[in-house]
Amino acid sequence: MAFSKNKSQVDDGLKSELAKKGIVITTLNELYNWGRRSSIWPMQFGLACCAIEMIATACARYDIARFGAELFRASPRQADLIIIAGTVTKKMTPQVVRLYNQMAEPKYCITMGACSISGGPFIDGYNTLRGIDRFIPVDVHLPGCPPRPEALLYGLQTLQKKIDSQDFRKAPWYQKGLKREYAIPDLGPKGLIPKFNPEVWQPREEDHRKEKYGSPMVIGKKTKAPDLDAPPKQPKAPAPKPPKRSDDSAPPSKEA
Amino acid sequence: MTLDEVKRHIEKHLPGVALKPVRESLLVENPLDLPRVVEFLKADGVLQLNYLSSVTGVDYLTFLECVYHLYSMENKTYSLQLRVRVDRENPHVPSLVPIFRGAEFQEREAYDMYGFQFDGHPDLRRILMWDGYVGYPMRKDYKQEDSEVLDRDDIEWLQKHGVSVAEEHIKMAESLQTGGESEQPESEQTEG
Ligand code: SF4
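Residues numbered from 1 in each chain as written. Chains lettered and ligands numbered in written order. Predicted model: local features only at pLDDT ≥ 70, side-chain atom pairs only at ≥ 80, totals over all residues. Heavy atoms only, no water.

Student: Give me the packing of aromatic side chains: which residues, what numbers.
Tutor: All names here are of chain B. Applying the stated rule across the entire model yields 10 aromatic pairs over all chains. Arranged with centres 6.1 Å apart and planes meeting at 40°, the rings of Tyr114 and Phe116 form a pair that is tilted. Cluster of aromatic residues (ring-pair linked, three or more members): Tyr114, Phe116 and Phe118. When the ring centre of Phe100 is taken as reference, the NZ or CZ atom of Lys42 above it lies at 4.8 Å. (Phe/Tyr/Trp six-rings, centres within 6.5 Å; stacked < 30°, edge-to-face > 60°. Lys NZ or Arg CZ within 6 Å of the ring centre and 35° of its normal.)

Below, the structure written as structure tokens:
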């Protein structure tokens, strides 16, 4: 993503030169976005193991407060960033979408970890949503299992860059008729109904995973089960090592 | 105590109970004997297996097996695994809730995942999956949905909620409906 939209016309060198003399030149946009990006209020919301990393990021050692995002709010009404930290199960998905809908504009979303991006290690599970971007728009995808706190800080900085690049005169949340509430899926007999929201997400055109494994990697076709009544197999004795050849000896004769 | 000694110990005190060692565990041949055996093990002065640490299931394709792990909080050295085998279509197992209250949630989970019917359970319903879920996902023949394509239900739902759906999704759903419930080609049936 390019974040060059809001570059000011004034040369950076000249700006810092003037700043030394106590003259500050800025644009309204810059000032406005500086304020917004320096006090992001994330939602206090974690789903699985990634949440532990998120907590570590908020603690003294990694100290997310350096980037102005230390105020974790326990209510979506007071938050402007949702960090989807962990596995989103199908059962939890309606709640996650509802929380996103309830956040006030402008709102942002970071998916943290492989699980919330794509299902991660549980992608073939009957119970796991294959990525929250099927139902809500995502601003920053943060890969890792789990991402280290540094990575979360980097993701936050990336989001800050995105905020910096927005123009408040054209910002969508000041426009009329903005629709940023997404349909909340229902729990059906086999999974979610619908399986994804086509306004937000479309299936990939080329799905290599599907080609390789079939989709989903099917359980329900397992035809083998262990036979417990059979005596347990003895581990095979390791094959004896072939004797070492020394270079100057004659080539070893073939043994039958 | 070795497994053989435990087996003989139980058989001595509970005549008529058929036990069979399977690997490191004891198979209770008749599932209806299970409460008797567990009650005896709990009260027994020697073994004192007074803690039921887990209730799980296994699907062996031709039958289902329910596995119980018993542990002694007094001796702290020995745990015993009990198995019962039941029919796949009609998996009735007597509940252990009257003996161990802690078995309640574990049995609900085994019911949720494998479909065991625990007779005598006070409140047998799903615990992990939601109400209205169909099927038992840990059974080996459970067929998962394909989450990359929209079915007709999904299309109907989306249209009802005012979400615009592209033409190709609708066509795809129609073709799935007419061509059988899954587009999974038969050749992909091999699975290790
Ligand atoms: S991505 Fe890894 S660490 Fe994060 S929630 Fe998933 S399994 Fe846990």
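From this point, the discussion proceeds with the structure in view.
Student: Which residues make up the packing of helix H4 (residues 152-160) of chain B against helix H5 (residues 167-178) of chain B, and what values do they have?
Tutor: Residue and element names in this part refer to chain B. Closest axis-to-axis distance for the H4/H5 pair is 9 Å, and the angle between their directions is 145°. Listed contacts from H5 to Arg152, Ile155 and Gln159 of H4 are His169, Ile170, Ala173, Glu174 and Gln177. Taken together, the residues of the contact of H4 with H5 break down into 3 nonpolar, 3 polar and 2 charged. (Axes fitted to C-alpha atoms, helices over the stretch in contact; angles between N-to-C directions. Helix = DSSP H or I, 4+ residues; strand = E, 2+ residues; numbered from the N terminus. Contact = heavy atoms within 4.5 Å. Nonpolar A, V, L, I, M, F, W, Y, C, P; charged D, E, K, R; others polar.)

Student: Tell me what's going on with the nonpolar core, and back it up with residues and numbers.
Tutor: Counting 42 residues, the largest nonpolar core has Ile10(B), Leu34(B), Leu41(B), Tyr68(B), Leu82(B), Phe116(B) and Phe118(B) as the members making the most contacts within it. Mapped by element, the contributors of at least two residues to this core are helix H1 (3-13), strand S2 (25-28), helix H2 (34-43), strand S3 (51-59), strand S4 (64-71), strand S5 (79-86) and helix H3 (103-114) of chain B. What Ile10(B) contacts, discounting residues up to four positions off in sequence, is Leu19(B), Leu26(B), Val37(B), Phe40(B) and Leu41(B). Listed in part, the 23 residues of the second largest apolar core include Ile40(A), Val140(A), Leu153(A) and Ile163(A). (Core = buried A, V, L, I, M, F, W, Y, C linked by side-chain atoms within 4.5 Å. Buried < 20%, exposed > 50% of the residue type's maximum accessible area, 1.4 Å probe, protein only.)

Student: Talk me through the confidence of the model for chain B; I want residue IDs and the actual numbers.
Tutor: Residue and element names in this part refer to chain B. Per-residue pLDDT for chain B has a mean of 86; in total, 93% of the residues score no lower than 70. For chain B, per-element mean pLDDT is lowest for H5, which scores 81, and highest for strand S6 (residues 92-94), which scores 94. Considering only residues more than four positions removed or in separate chains, one finds that residues 182-192, a stretch of pLDDT under 50, has 15 contacts. Across the predicted assembly, pTM comes out at 0.83 and ipTM at 0.81. (pLDDT = per-residue confidence, 0-100.)

Student: Requested: an account of the environment of Asp80(A), with residues and values cited.
Tutor: Residue and element names in this part refer to chain A. By secondary structure assignment, the location of Asp80 is in the loop between helix H3 (49-58) and strand S1 (81-85). Between the C-alpha atom of Asp80 and that of Lys233, which follows or precedes it by 153 residues, the distance is 59 Å. If near-sequence neighbours (up to four positions away) are discounted, Asp80 is found in contact with Ser39, Ile40, Trp41, Met103, Pro106, Lys107 and Tyr108. Looking at Asp80, its side chain comes within polar contact range of the main-chain nitrogen of Trp41, at 2.8 Å. (Polar contact = N/O pair within 3.5 Å; in protein donor to acceptor, adjacent residues only side chain to side chain.)

Student: Which residues make up the site of the ligand, and what are the values?
Tutor: All names here are of chain A. Taken together, 13 residues surround the ligand, and among them Cys49, Cys50, Ala114, Cys115 and Cys145 come closest. Listed by contribution, the elements that provide at least two residues to the shell around the ligand are H3 and helix H5 (114-118). For the shell around the ligand, the residue count by class is 9 nonpolar, 4 polar and no charged. (Near = heavy atom within 4 Å.)

Student: Which residues make up the sheet that holds strand S3 (residues 140-142) of chain A, and what are the values?
Tutor: Residues and elements named next belong to chain A. In spatial order, the strands read S1-S2-S3; together these 3 strands make up an open sheet with parallel pairing. The two strands at the open ends of the sheet, each matched to only one other strand, are S1 and S3. Strand-to-strand, the axes of this sheet are offset by a mean angle of 15°, without reference to chain direction. (Pairing = 2+ DSSP bridges.)

Student: Please provide a residue-by-residue account of the environment of Val46(B), values included.
Tutor: Residues and elements named next belong to chain B. In this fold, Val46 is placed in the loop between H2 and S3. Here the alpha-carbon distance between Val46 and Gln144, two residues 98 residues apart in the chain, equals 47 Å. When residues no more than four places from it in sequence are discounted, the contact partners of Val46 are Met1, His9 and Asn75.

Student: Mind laying out the packing of H3(A) against helix H6 (residues 149-164) of chain A, listing which residues take part and the relevant values?
Tutor: Residue and element names in this part refer to chain A. Where H3 meets H6, the closest approach of the two axes is 9 Å, and the angle between their N-to-C directions is 75°. The orientation of H3 relative to H6 falls into the category roughly perpendicular. Contact residues: H3 offers Glu53, Met54, Ala56 and Thr57, while H6 offers Pro149, Leu152 and Leu153. (Parallel < 35°, antiparallel > 145°, perpendicular 65-115°, else oblique.)

Student: Break down the pairing of S4(B) for me, citing the residues and quoting the values.
Tutor: Residues and elements named next belong to chain B. The element S4 is extensively covered by neighbouring structure, given that 6 of its 8 residues are classed as buried. Looking at chain direction, S3 and S4 are connected through 8 bridges and run antiparallel. Within S4, the residue paired with Val58 across the bridge is Glu65. Hairpin geometry of S3 and S4 is characterised by an intervening segment of 4 residues between the two adjacent antiparallel strands and by a positive phi of about 70° at Leu61. In the sheet, S4 pairs with S5 via 8 bridges, with the strands oriented antiparallel. Bridge pairing links His69 to Gln81 in S5.

Student: Report on the side chain of Arg139(B), specifying residues and quantitative values.
Tutor: Residues and elements named next belong to chain B. Along the chain, Arg139 turns up in the loop between strand S7 (117-119) and H4. Among buried charged residues, Arg139 stands out as having no salt bridge; its nearest opposite-charge side chain is Asp141, 5.5 Å away. Among residues more than four places away in sequence, those in contact with Arg139 are Asp59, Leu64, Arg88, Pro91, Met113, Tyr114 and Gly115. (Lys, Arg positive; Asp, Glu negative; His and termini not counted. Salt bridge = Lys/Arg side-chain N within 4 Å of Asp/Glu carboxyl O.)

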